[in-house]
Amino acid sequence: MKKNTLVILLLFALSLSSLAQSNSKKQTTTSAQTLACDNWLKTNAQFDAVQIGDLDITGNKLTVEAVFNRTAPYSGAYVYAGDIVSKHQDPTDCNYLLRPLSAEITTTNGYFITPLPPCALELNKTYHVAMVYDGTTLKFYRNGFLVTQVAATGNLIQNNHITTIGDFAPFLPGLPENLTGYINEVRIWNVARTQTQLQTYVNTSLPSPTTQTGLLAYYVFDNLLNKQGNPAWNGIIKGNATINATNTACNNFPLVNCVTTPPQFCTGSLGAPVVQVDFGSGSNPAAPLSSIVSGASTTHTYVSVTGNPATPTPIDGEYTITNNIPNNSAWFSGLSDHTSGDTNGYMAFYNSQQTAGQEFYKQVITNLCGETTYEFSAWVANCLNPAVLNGVDPDLTFRIEKTDGTLLALYNTGPIAETATFTWNRFGLFFTTGISETTVVVKIINNSVGGNAQPGNDLALDDISFRPCGPTIKSSLNASAQIDSVSVCEGSAVTLYGSLLSTGYNSPSYLWQVSTDNAVTWTTIPNSNAIQINYTMPIAGINKTYKFRLLYANGSNINSPSCRVITNLLTVTSTALPTGNLAVETVCPGQKPNITFTSTSASSPFSIVYNVNGKNYTQSNLSNNTGFLCAEAINNNSSITLVSITDNRNCLNTINNNASITFKALPQGGITDAEGCEGDSSFLRFTATAGSAPFAIKITDGTTTYTISNLNNNDKFAIPNTTNTITKTYFITELKENNGNNCTRISGFTNPSATLTVNKKPKSFFIPYTPTCLIDTTITINQATEANGLAGAGFYWGTGVITPNLFNPTLAGAGKHFIKYEYITDKGCRSLDSEAITVNALPVINAGEDIERCGISTIQLKATGANNYIWSPGSFLDNAFIANPVATVSLTTDFIVKGTDNIGCYSTDTMKVIISDNIAQKLFIANSFTPNSDGVNDCFGISHWGFVELTEFSIYNRWGQKIFSSNNSQKCWDGTFNGLQQPPGVYIYQIRAINGCGEINRKGFINLIR
């Protein structure tokens, strides 16, 4: 975009004072001054100058040189440092322009300006400056050394301006670009001079100027003549300028090589930030700079952005506060700020102005101390992505000024190159305030140009820091080694050591501080104004971390947070003293109890001291909630005290806590009298009135002691290995609960003795039983008796016994059975005897099958299964007492036979003789059937004929094929053949059989219906 002269020059507004040389740059003196001091051009105000005519330089090579001394400070941008040689009006027509801090030209390829040098000017000192253009690079030299340069190409643009020495060529009001001071040795060439050529005559006059190749004009201001010899370029005085003036500082000629060095950060110790600007965090949009950073300002215009990548995209001369790089295809759009761990952290983003030298960040910093060194730094990132665009790199100057603009320090970054990935770089410098300076102004100036014609120069700024810098001082927790952290027991003392590693202050002051919230807030330790102190860790009852730091300053500055430095942090972990208690198990008097140690803090293993009955014991290697056996047995008068605890960090805490002791009650009980039967095992009964079962006791009969275990209250127990012989008395000597695992009583029993009375046993015997048959008739049993005449009762029992003295053979079943007889005396003594009884099985009698006959018949009967037989009714028989009598009957008659075996047991059976007069009616044959599985007439047969002997039953189909045959009168045809249903129709049947009335022959047709 085209700019008029006034706009462009006003946009150069970056202030540059001219008092002090930055201590962050290297300066090297090369030689002494040899120029004359009384032949200088003197300019005092605007329009004081010498004009030499319209001296255009064509082509793509030039050199312009001059020697000058500025005697008064200036305000505003670097353009107001003064025009030494000007043939320009604005960046569109600059044939050449040499200033104290820059060189500028305009070519067919655009406008070019060198970056500001890293070293500032000093007032009342003489400098040689030169600008050289060789067709590829525009260079700016100071005192014969290349200071800054910029790539430049194209042929120089001509204009109609009059070349002016000491002021702005157009002489426009309101633009005071004049140089206040002295100028001499002005040389204008149409060739590009080398650094060696420049250094040859940097502090001497040019010899033989009329023969110097490429020299167009040369002025030494003893007069206004062009010493090169071309009178067309003789000078004319303008305004109140004078020649032949005396430059009293001509011998104060610091021939300085101002070489850019790496950032000069504080190499000593740093203090707490006076200013720490990370721009905050949050969602876009953020507030403008002046709202976020107190005392800060910028020459750029704020634009509010939202989203990620942030939009709208800032244009030339705009900035934003954003949590990501704004949207532009040539930028690293969307990437985040520098601050570590700062989610959605803000940064400042600048799309630089088209004109170089713009002051894009300024901040006033107050509450400083005089004669104190401070470090000023910031993180800067070139936002251009070289994969998309190789553009102009930012070139920044960091300035520290007094409030009146006087320069205190300066640092130049040089070009901040593009990188393949988004990269943050830290730049900065340190300086020392004057004796009474409490406020400074920090500025960051962009020396590069921007705009569409020369795209690029887009940057991000974050984490700006301004903090005290002092001698190197360290703190440690050890006098001879660097120890930054220790763990100690609360209540113990730690020694905090400080040590100077470089030359300290003239009037050193110290102050120790402590923090209990991880260095968020700090508290000054009382009476800690020494480089080494002892500190007693507070007793807090919990594990706690303390941070310590040593503050160091000059004199009373120690009381100002912005004027003192801070050592490295020391960390002391204060371990809570161990606490705990003892729990004594409930025991029986006279026992050693188990003791459980419980800690409510600290870490195992523990060592404790405990006291029992006035004597101390040590128990080591304990874990929390672990137990150990007490060293002594205790009784009702004992005491147990926890004296002290030592944990695994050797922290000792004296406790002196008494442990509670509870004793168990002794078990109580005894034995009671009992009676027993002679020959039986001996038994007594145990009773308990106190204690926990099962119990164990010891008893004695005066001779032998017996131990009995697993007893419950009211249990009857056997005396081991003892049978009853005579009456005895036993005594209990010991009673233990839980079978001896708990308390034991040895006296004072409720029933200390018991008498065991022995009773006589009964004796019983049987009279043998007579065998019996398996019949349903009971037998009285009374064959057993008691032989000793003891009062009591007896009873029978066994298989088949149904009442105390009845036996049922049928219930018992056939076989040999034992009937037992038990006799119990009135004293409970018992005897048991048994006797066998045999139950014989009944014979199995068979009277034969039923017989059917026609009319009056004579029939032979036949019975089996016995030795002897009796038939009834015997009137129809020829002999009723044999197995096979002959019966003559005319009516149907039932015959019963009784058979008796050889031991007299018997049984009966029955058979029937049937006399039938209507047999023909039984021989009915159906003429059809329906095998449909409905349960009615499904099968064709003769089972209803009764007693017949079947010799043939056959079925034929109409082709004469036999499809069914049987000689069993109970079988019938179901209408199938070989498992297949036969079709409906007429079939032929053939039946041959014999019954009581003779032979039967039937043949006919049967109709199968489906």
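Residues numbered from 1 in each chain as written. Predicted model: local features only at pLDDT ≥ 70, side-chain atom pairs only at ≥ 80, totals over all residues. Heavy atoms only, no water.

Let's shift gears to the overall build of the chain. The helix and strand tally for the chain stands at five helices and 77 strands. Summing over all exposed atoms, the chain offers an accessible surface of approximately 43,900 Å²; the carbon and sulfur share of this is 49%. Looking at charge distribution, the chain has the averaged site of its 56 positive side-chain charges lying 4 Å from that of its 66 negative ones. (Helix = DSSP H or I, 4+ residues; strand = E, 2+ residues; numbered from the N terminus. Areas by Shrake-Rupley, 256 points an atom, 1.4 Å probe, with all protein chains shown as cover. Lys, Arg positive; Asp, Glu negative; His and termini not counted. Charge placed at Lys NZ, Arg CZ, Asp CG, Glu CD.)

Bringing the state of the cysteines into the picture now. Overall, the coordinates contain eight disulfides when judged by the stated rule. Put simply, Cys266 and Cys469 are joined by a disulfide, and their sulfur atoms are 1.9 Å apart. In this structure the cystine formed by Cys266 and Cys469 twists about its S-S bond by roughly 80°; its chirality is therefore right-handed. Highlighted residues: Cys266 in the loop between strand S15 (242-245) and strand S16 (269-270) and Cys469 in strand S28 (residues 458-470), separated in sequence by 203 residues. The pair Cys266 / Cys469 is uniform in exposure class, with both members buried. Cysteine Cys630 is unpaired, with the sulfur of Cys588 as its nearest cysteine sulfur at 14 Å. (Disulfide = S-S within 2.5 Å. Buried < 20%, exposed > 50% of the residue type's maximum accessible area, 1.4 Å probe, protein only.)

Counted according to the given criterion, the structure contains 32 aromatic pairs. On the numbers, 5.9 Å between centres and 25° between planes, the contact of Phe68 with Tyr127 is stacked. Here Phe68 is found in strand S3 (residues 62-70), whereas its partner Tyr127 is found in strand S8 (residues 126-133), with 59 residues between them in sequence. Classification of Tyr127 by relative accessible area gives buried; the value is 3%. For the pair Tyr374 and Phe431, a centre-to-centre distance of 6.3 Å together with 35° between the ring planes defines the contact as tilted. Of this pair, Tyr374 sits in strand S23 (residues 373-382) while Phe431 is found in strand S26 (residues 425-432), placing the two residues 57 residues apart along the sequence. Here the two residues Tyr374 and Phe431 agree in accessibility, since each one is buried. Ring pairs connect the aromatic residues Phe929, Phe940, Phe953, Phe964, Trp973, Tyr987 and Tyr989, which therefore count as one cluster. (Phe/Tyr/Trp six-rings, centres within 6.5 Å; stacked < 30°, edge-to-face > 60°.)

A few words now on the sheet that holds strand S18 (residues 296-297). Whether parallel or antiparallel, the strands of a sheet pair through hydrogen bonds between backbone atoms. Judged by pairing direction, the sheet is antiparallel, and its five strands sit side by side in the order S18-S22-S27-S24-S25 without closing on themselves. The two strands at the open ends of the sheet, each matched to only one other strand, are S18 and strand S25 (407-415). Of the pairings in the sheet, the one linking strand S24 (residues 395-401) to S25 comprises six bridges and is antiparallel in character. Bridged to Arg399 within S25 is Leu410. (Pairing = 2+ DSSP bridges.)

Right, let's get into the environment of Gly798. Along the chain, Gly798 falls in the loop between strand S58 (792-797) and strand S59 (801-803). For Gly798, a relative accessible area of 28% puts it in the partly exposed group. Taking C-alpha positions, Gly798 is 111 Å from Pro326, a pair spaced 472 residues apart along the chain.

Right, let's talk about the pattern of salt bridges for a bit. Inspection of every chain in the model, using the stated rule, returns 20 salt bridges. Residues Lys402 and Glu437 are paired through a salt bridge, measuring 3.5 Å at the closest nitrogen-oxygen approach. Linking Lys402 in the loop between S24 and S25 with Glu437 in the loop between S26 and strand S27 (440-446), this pair joins segments that are 35 residues apart in sequence. Classification of Lys402 as partly exposed rests on a relative accessible area of 29%. Take Glu437: its relative accessible area is 12%, and that puts it in the buried class. Residues Arg830 and Glu822 are paired through a salt bridge, measuring 3.0 Å at the closest nitrogen-oxygen approach. Owing to a relative accessible area of 45%, Arg830 belongs among the partly exposed residues under this scheme. Residue Glu822 is classed as buried on the basis of its relative accessible area of 14%. (Salt bridge = Lys/Arg side-chain N within 4 Å of Asp/Glu carboxyl O.)

On to a nonpolar patch on the surface, then. On the surface, Phe795, Trp797 and Leu832 cluster together to form a nonpolar patch covering roughly 280 Å² of accessible area. Using a relative accessible area of 52% as the deciding quantity, one classes Leu832 as exposed. (Patch = residues over 30% accessible without salt bridge, like charges linked within 9 Å, V, L, I, M, F, W, Y side chains within 5 Å.)

Spatially, four strands are ordered S55-S62-S61-S58 in an open sheet, and the strand pairing comes out mixed. Single-partner strands in this sheet number two, and they are strand S55 (772-773) and S58. Here S55 runs beside strand S62 (residues 830-840); their pairing, made up of two bridges, is parallel. In the sheet register, Thr772 faces S62, and the bridge partner there is Val839.

Our next topic: the environment of Ala272. As for its placement among the helices and strands, Ala272 is situated in the loop between S16 and strand S17 (275-277). Separated by 195 residues in the primary sequence, Ala272 and Arg467 have C-alpha atoms spaced 6.1 Å apart. What Ala272 contacts, discounting residues up to four positions off in sequence, is Arg467, Pro468, Pro561, Arg564 and Ile566. (Contact = heavy atoms within 4.5 Å.)

A few words on the environment of Ile845. By the element assignment, Ile845 lies in the loop between S62 and strand S63 (851-854). On a C-alpha basis, the gap between Ile845 and Gly899 in space is 6.1 Å, while along the polypeptide they are 54 residues apart. With near-sequence residues (within four places) excluded, Ile845 lies in contact with Thr864, Gly865, Ala866, Val897, Gly899, Ser907, Thr908 and Asp909.

A few words on the side chain of Ser528. As for its position among the elements, Ser528 is in the loop between strand S33 (523-524) and strand S34 (532-536). Exposure remark for Ser528: the relative accessible area of 0% places this residue in the buried category. Within the structure, Ser528 has its side chain in polar contact with the backbone nitrogen of Trp512 (distance 3.1 Å). What Ser528 contacts, discounting residues up to four positions off in sequence, is Tyr510, Leu511, Trp512 and Ile533. (Polar contact = N/O pair within 3.5 Å; in protein donor to acceptor, adjacent residues only side chain to side chain.)

Core analysis: the biggest nonpolar cluster contains 45 residues, and Leu62, Tyr96, Met131, Ile165 and Ile188 have the highest contact counts within it. Looking at this core, the elements that each hand over two or more residues are strand S2 (49-53), S3, strand S5 (96-98), strand S6 (103-107), S8, strand S9 (137-142), strand S12 (181-189) and strand S13 (215-219). One finds Val275, Ala348, Ile365 and Ile400 within the second-largest nonpolar core, a separate group that totals 39 residues. (Core = buried A, V, L, I, M, F, W, Y, C linked by side-chain atoms within 4.5 Å.)

Now for the pairing of strand S48 (residues 695-700). Of all six residues in S48, five are buried, a share of seventy percent or more. Inspection of the sheet shows S48 paired to strand S49 (residues 705-711) by five bridges, in the antiparallel sense. Note that in S49 the partner of Ile697 across the bridge is Ile708. Linking S48 to S49, which pair antiparallel, is a turn of four residues; within it Gly702 sits at a positive phi near 95°. By the bridge criterion, six bridges tie S48 to strand S51 (residues 728-737) in an arrangement that is antiparallel. Among the inter-strand pairings, Ile697 is bridged to a residue of S51, identified as Leu735.

With an omega of -5°, the peptide bond between Asn308 and Pro309 qualifies as cis. As for its placement among the helices and strands, Pro309 is situated in the loop between strand S19 (301-302) and strand S20 (318-322). Between Ser872 and Pro873 the backbone carries a cis peptide bond, its omega angle lying at -5°. Counting through the fold element by element, Pro873 comes out in the loop between strand S65 (868-872) and strand S66 (886-889). Here the phi dihedral of Ala519 falls at roughly 70°; this positive angle occurs in a residue that is not glycine. Assignment of secondary structure puts Ala519 in the loop between strand S32 (508-515) and S33. The class of Ala519 is partly exposed, set by a relative accessible area of 26%. A positive phi angle, near 60°, is found at Asn625, a position not held by glycine. Residue placement: Asn625 occurs in the loop between strand S41 (615-622) and strand S42 (626-629).

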